[in-house]
Amino acid sequence: MARLQFIAALVLVSTVTPALPQSSIKSMVEEAEDADDVGDTEKSFALLSQAASMYAATAEDYSWRGAAHGNLGEFDSAVADARKAIELEPMVAEHHATFAVTLGNEEHYAEAISEITKAIELDNENADYYCDRASYFWQTNRWEAVAADYDRAIAINPRDWNARVNRAMVRIDLERYDDIVKEIAMLQVCGVSLPCFNDIMGETKRCQGEYEEAVRYFTRSIENNPVDGLALLYRGFAQLSLRNFEAAIDDISDAIRLGFDSASAYRWRGLAQSRLENYPAAISDFSKAIENDPDDARLYGLRGDAKCMLGDYRSADGDFTKAIELDPHNESYYQDRYAARLHRGDLRGINDLRRAIELQSGSTWTSPLLVLFIVAMVLTVVLVLAFGLS
């Protein structure tokens, strides 16, 4: 059960309490985690179900029963139990941390950050809490905050190898490539086994523009683990940069089949399809990317471009309009909509051209050069309408 991954760390950071009987809610959730770790999902589900149905007598009971509900996908019950635990014992850090896990499971990352921050305020020497908060910051692309929390976790527990690996990975997004190499070298000197070593180094090389070297690292990772979806995905990205478009499509398609079906995956595969002039497939991929991330203006721009290549200017106009709504200061979307409208003889495109020039040069409508340029474009449109050129 994937949800168990969010609360695995909490077992290690429980406050010191007297030994509990094996029938306690806490012990059942812990036993369920152990069962899930060895792949016995049926036993894990049965234990979680039993724990979720037990009577809660203490704040700790409510907290752990809430964790059981959360792992079963019963969000409302999980929240109710977590709030009750905090109501009974508001100064116990673990209750806030467990509640944060429940919120994180449901992708309520802002609320999860708030709750885990309360836990840190109550217990600022718990490395796992910083790692948990870093994971929520990661989901919201707050890379500096992620790195800072892993720094703190490692300062508390220098032998937290997972935190070190994750810190190395986030440094890719921060473009601290020298730090990544040093971190990996240190881990290797300490004898830490790093199954993800090739993934980290491959992505580092890809971000540095060393695409062939990146492909080599990702290939080693895939040879060691043929179902490493992340390595397949990033090797596909590197192949695209090398203009190996068919190889890129194959790798990204394999990654998507393995569950790495993010907006980025579909966007990059769509780009590869476009380079091969397979525009219907590209439009399909960009549409799937939009389903995953409807607020990314680039996706509408890319889909609009592909539609233009098929002569579907009216539909492309709608995509460029949406891109402009989401990113009104990007001159390329105005240029694209101008071109789409020009092909349809829509004179509103002149306003788009004017706006594109203003954004690109910082000039205004009153600039003499701009006025002359717009007049020239009007004459172009008139010629298109008069002679039926396209």
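Above: the structure in question.
What counts as what
Residues numbered from 1 in each chain as written. Predicted model: local features only at pLDDT ≥ 70, side-chain atom pairs only at ≥ 80, totals over all residues. Heavy atoms only, no water. Helix = DSSP H or I, 4+ residues; strand = E, 2+ residues; numbered from the N terminus. Buried < 20%, exposed > 50% of the residue type's maximum accessible area, 1.4 Å probe, protein only. Areas by Shrake-Rupley, 256 points an atom, 1.4 Å probe, with all protein chains shown as cover. Patch = residues over 30% accessible without salt bridge, like charges linked within 9 Å, V, L, I, M, F, W, Y side chains within 5 Å. Salt bridge = Lys/Arg side-chain N within 4 Å of Asp/Glu carboxyl O. Core = buried A, V, L, I, M, F, W, Y, C linked by side-chain atoms within 4.5 Å. Contact = heavy atoms within 4.5 Å. Axes fitted to C-alpha atoms, helices over the stretch in contact; angles between N-to-C directions. Parallel < 35°, antiparallel > 145°, perpendicular 65-115°, else oblique. Left-handed = near helix turned anticlockwise from the far one by under 90°. Nonpolar A, V, L, I, M, F, W, Y, C, P; charged D, E, K, R; others polar. Expected span 1.5 Å × (residues − 1). Phe/Tyr/Trp six-rings, centres within 6.5 Å; stacked < 30°, edge-to-face > 60°. Lys NZ or Arg CZ within 6 Å of the ring centre and 35° of its normal.

## Focus on the overall build of the chain
Moving on, step 1. A count of helices and strands for the chain gives 21 helices and zero strands.
Moving on, step 2. Residues counted as buried form 47% of the 390 residues belonging to the chain.
Moving on, step 3. Counting only carbon and sulfur atoms, one obtains 51% of the accessible surface of the chain, whose full area is about 19300 Å².

## Some words on a nonpolar patch on the surface
Moving on, step 1. Residues Val227, Leu258 and Phe260 make up a contiguous nonpolar surface patch of roughly 250 Å² in combined accessible area.
Moving on, step 2. The topology assignment puts Leu258 in the loop between helix H14 (245–257) and helix H15 (263–275).

## Considerations on the environment of Arg133
Moving on, step 1. Here Arg133 lies in helix H7 (residues 127–139).
Moving on, step 2. Residue class for Arg133 comes out buried when judged on its relative accessible area of 14%.
Moving on, step 3. Residues Arg133 and Val101, 32 residues apart in the sequence, show an inter-C-alpha distance of 9.7 Å.

## Topic: unusual backbone geometry
Moving on, step 1. Even without a glycine there, the phi angle at Asn141 is positive, about 60 degrees.
Moving on, step 2. Structurally, Asn141 is set in the loop between H7 and helix H8 (143–156).
Moving on, step 3. On the basis of relative accessible area, Asn141 is assigned to the exposed category, the value being 52%.
Moving on, step 4. Even without a glycine there, the phi angle at Arg243 is positive, about 65 degrees.
Moving on, step 5. Structurally, Arg243 is set in the loop between helix H13 (229–241) and H14.

## Here we look at the nonpolar core
Moving on, step 1. Among the nonpolar cores identified, the biggest contains 37 residues, and Leu233, Leu240, Ile252 and Trp268 are the most heavily contacted of them.
Moving on, step 2. Elements with a minimum of two residues in this core: helix H12 (211–224), H13, H14, H15, helix H16 (279–292), helix H17 (297–309), helix H18 (313–326) and helix H19 (331–344).
Moving on, step 3. Non-local contacts of Leu233, meaning those with residues more than four positions away in its chain, are made with Ile252, Ala255, Phe260 and Ala265.
Moving on, step 4. Ala119, Tyr136, Ala153 and Ile154 belong to the second largest nonpolar core, which has 32 residues in total.

## Observations concerning the pattern of salt bridges
Moving on, step 1. Taken as a whole and assessed by the stated rule, the structure comprises 24 salt bridges.
Moving on, step 2. Residue Lys205 pairs with Glu210 through a salt bridge whose shortest N-O separation is 3.5 Å.
Moving on, step 3. For Lys205, a relative accessible area of 18% translates into the label buried.
Moving on, step 4. Across the pair Arg354 and Glu358 runs a salt bridge, and its minimum N-O distance is 3.9 Å.

## Focus on the packing of helix H1 (residues 25–37) against helix H3 (residues 59–71)
Moving on, step 1. Look at H1 against H3: their axes get within 8 Å of each other, and the N-to-C directions meet at 30 degrees. Between H1 and H3, the angle is such that the two are roughly parallel. Where H1 crosses over H3, the two elements pack in a sense that is left-handed. Taking contact as the criterion, the partners of Ile25, Lys26, Val29, Glu30 and Glu33 in H1 are, on H3, Glu60, Asp61, Trp64, Arg65 and Ala68.
Moving on, step 2. Considering only residue class, the contact of H1 with H3 consists of four nonpolar, no polar and six charged.

## Quick notes on the side chain of Ser63
Moving on, step 1. Tracing the backbone through its elements, the reader meets Ser63 in helix H3.
Moving on, step 2. Accessibility expressed as a relative area gives 3% for Ser63, which makes it buried.
Moving on, step 3. Excluding anything up to four places from it in sequence, Ser63 contacts Asp81, Ala85, Glu94, His95 and Thr98.

## Here's the deal with H17
Moving on, step 1. Compared with an ideal rise of 1.5 Å per residue, which puts 13 residues at 18 Å, H17 spans 19 Å between its outermost C-alpha atoms and is within 8% of the ideal.
Moving on, step 2. Here H17 has its buried residues at Ala297, Leu299, Tyr300, Gly301, Arg303, Gly304, Ala306, Lys307 and Cys308.
Moving on, step 3. Buried positions along H17 lie against H15, H16, H18 and H19.
Moving on, step 4. Note on H17: the residue one or two positions beyond its end, Gly311, has a positive phi of about 80 degrees.

## With respect to the side chain of Asp251
Moving on, step 1. Mapping Asp251 onto the fold places it in helix H14.
Moving on, step 2. In contact with Asp251, not counting residues within four places along its chain, are Leu232, Arg235, Gly236 and Gln239.

## Focus on the packing of aromatic side chains
Moving on, step 1. All told, the structure shown has five aromatic pairs when counted by the stated rule.
Moving on, step 2. Where Trp138 meets Trp143, the ring centres are 5.8 Å apart and the plane angle is 85 degrees; that geometry is what we call edge-to-face.
Moving on, step 3. Ring geometry for Tyr234 versus Phe237: centroids 5.6 Å apart, planes at 70 degrees, classification edge-to-face. Of the two residues, Tyr234 and Phe237 both sit in helix H13, three residues apart, roughly one turn of that helix.
Moving on, step 4. Relative accessible area serves as the criterion here: at 23%, Tyr234 is assigned to the partly exposed category.
Moving on, step 5. Among the aromatic residues, ring-to-ring pairing joins Phe218, Tyr234, Phe237 and Trp268 into one connected group.
Moving on, step 6. For the cation-ring pair, Arg220 lies above Tyr217, with the distance from its terminal atom to the ring centre recorded as 4.9 Å.

## So, the packing of H14 against H15
Moving on, step 1. Closest axis-to-axis distance for the H14/H15 pair is 9 Å, and the angle between their directions is 155 degrees. By the criterion of interaxial angle, the relationship of H14 to H15 is roughly antiparallel. As H14 packs across H15, the resulting crossing turns out to be left-handed. Taking contact as the criterion, the partners of Phe245, Ala248, Ile249, Ile252, Ser253 and Ile256 in H14 are, on H15, Ala265, Tyr266, Trp268, Arg269, Ala272, Gln273 and Arg275.
Moving on, step 2. Of the residues belonging to the contact of H14 with H15, the class tally is nine nonpolar, two polar and two charged.

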